Amino acid sequence: AQYLLGTRLGMFFERRSGALEEREPFDVDGLDLFLLKDDIIRRILDNSIDESLYSLYRARGYLPHGTMGEYAFRKIRGDCEKFAETITGLTKGASMTSLNIETAAGGRIIKGTIENLWPGGVILYRPAHVNPSEKLKAWILQCLLLGVGDKRQVIAAGTDAVYFFDEREPAP
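The structure contained in this document is the topic of the report that follows. Counting from 1, residues in each chain are numbered in the order their sequence is written. Restriction of local features to residues with pLDDT of at least 70 applies here, the model being predicted, together with a cutoff of 80 or more for giving and counting side-chain atom pairs; totals for whole chains, interfaces and linings are based on all residues. To get the side-chain values, all heavy atoms of the structure are used, and hydrogens and water are removed first.

A closer look at unusual backbone geometry
Part 1 of the argument: Of note, the phi angle at N47 is positive, near 55°, even though the residue is not glycine.
Part 2 of the argument: Note on placement: N47 falls in the loop between α2 (30-45) and α3 (53-59).
Part 3 of the argument: Burial classification: accessible surface area is computed with a 1.4 Å probe over protein chains only, and a residue below 20% of its type maximum counts as buried, one above 50% as exposed, and the rest as partly exposed. N47 sits in the exposed class, given a relative accessible area of 72%.
Part 4 of the argument: A positive phi angle, close to 55°, is found at N116, a residue other than glycine.
Part 5 of the argument: Starting at the N terminus, helices and strands are each numbered in turn, a helix being any DSSP run of H or I of at least four residues and a strand any DSSP run of E of at least two. Along the chain, N116 falls in strand β2 (residues 108-118).

A few points about the sheet that holds strand β5 (residues 162-165)
The strands making up a sheet associate through backbone hydrogen bonding, with each pair oriented either parallel or antiparallel.
Part 1 of the argument: One requirement defines pairing of two strands: DSSP has to find at least two bridges between them. Taken in spatial order, the five strands of this open sheet run β1-β2-β3-β4-β5, and their pairing is mixed. Edge strands, defined here as strands with exactly one partner in the open sheet, are β1 (97-105) and β5. Neighbour to neighbour, the strand axes of the sheet diverge by 30° on average, direction disregarded.
Part 2 of the argument: Two strands pair when backbone bridges link them, and β2 and strand β3 (residues 121-125) are joined in this way by two bridges, in the antiparallel orientation. What sits directly across from L117, in β3, is V122. Angles here are taken between N-to-C directions and fall from 0 to 180 degrees, while the axes themselves are lines fitted to C-alpha atoms, restricted in helices to the stretch in contact.

Things to note about helix α4 (residues 66-91)
Part 1 of the argument: Compared with the 38 Å implied by 1.5 Å per residue over 26 residues, the 37 Å span of α4 between its first and last C-alpha is a close match.
Part 2 of the argument: For α4, the set of buried residues is G69, A72, F73, I76, R77, C80, F83, A84, I87, L90 and T91.
Part 3 of the argument: If you follow the buried residues of α4, they end up packed against α2, α3, β2, β3, β4 (153-157) and β5. Helix span, as expected, comes to 1.5 Å for every residue beyond the first. Contacts: residue pairs with any heavy atoms within 4.5 Å of one another.

A closer look at the pairing of β3
Part 1 of the argument: The buried fraction of β3 is high, at five of five residues.
Part 2 of the argument: Remark: two residues form the turn of the hairpin made by β2 and β3, two consecutive strands paired antiparallel.
Part 3 of the argument: As paired elements, β3 and β4 share five bridges and run parallel to each other. Considered in β4, the bridge of G121 is made with Q153.
Part 4 of the argument: Handedness of the crossover joining β3 and β4 through helix α5 (residues 132-147): right-handed. Here a crossover is taken to be right-handed if, once the strands point away from the viewer, the path from the first strand over the helix to the second is traced clockwise.

Okay, here's the thing in structure tokens:
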């Protein structure tokens with residue numbers, strides 16, 4: 001029956017080992033920490049953070065049990081609130097919007113939406129160090145803004161530094 005289902009219907013079944021794998025966190029690190037911080041920062045900036053977050057993240061398995069989990073969550077939330085204050089300071093508390101663009105470059109049409117736009121420019125933020133790909137993304141966004149005649153700046157902010165891509169005239 002398994003052969004028939006596999007060859008005729010394209011249904012394949014995985015073989016399971018005897019024991020189910022379980023994961024119990026003793027510390028929050030790596031990708032889980034990044035995703036947790038990113039979600040908390042977005043909630044803080046959207047003013048949608050509430051006290052049920054600890055229970056939510058604990059149920060999802062991001063946090064350790066008991067007081068270790070509560071302590072880790074308080075520390076992470078405190079770090080996120082400080083970082084969100086940095087972002088709010090850079091945007092001067094203005095609400096963020098998006099901008100639909102369409103421009104021609106090199107015989108091609110570039111069409112899309114620029115997110116995290118505030119009256120002073122665009123801000124890219126991440127709860128980690130600003131890596132080279134983020135700097136490149138910020139520079140490309142600056143070029144796109146200049147291409148549509150928008151001279152606002154682009155900011156790339158991370159836990160290590162804040163980079164400003166200033167307004168400037170495009171090269172002749």
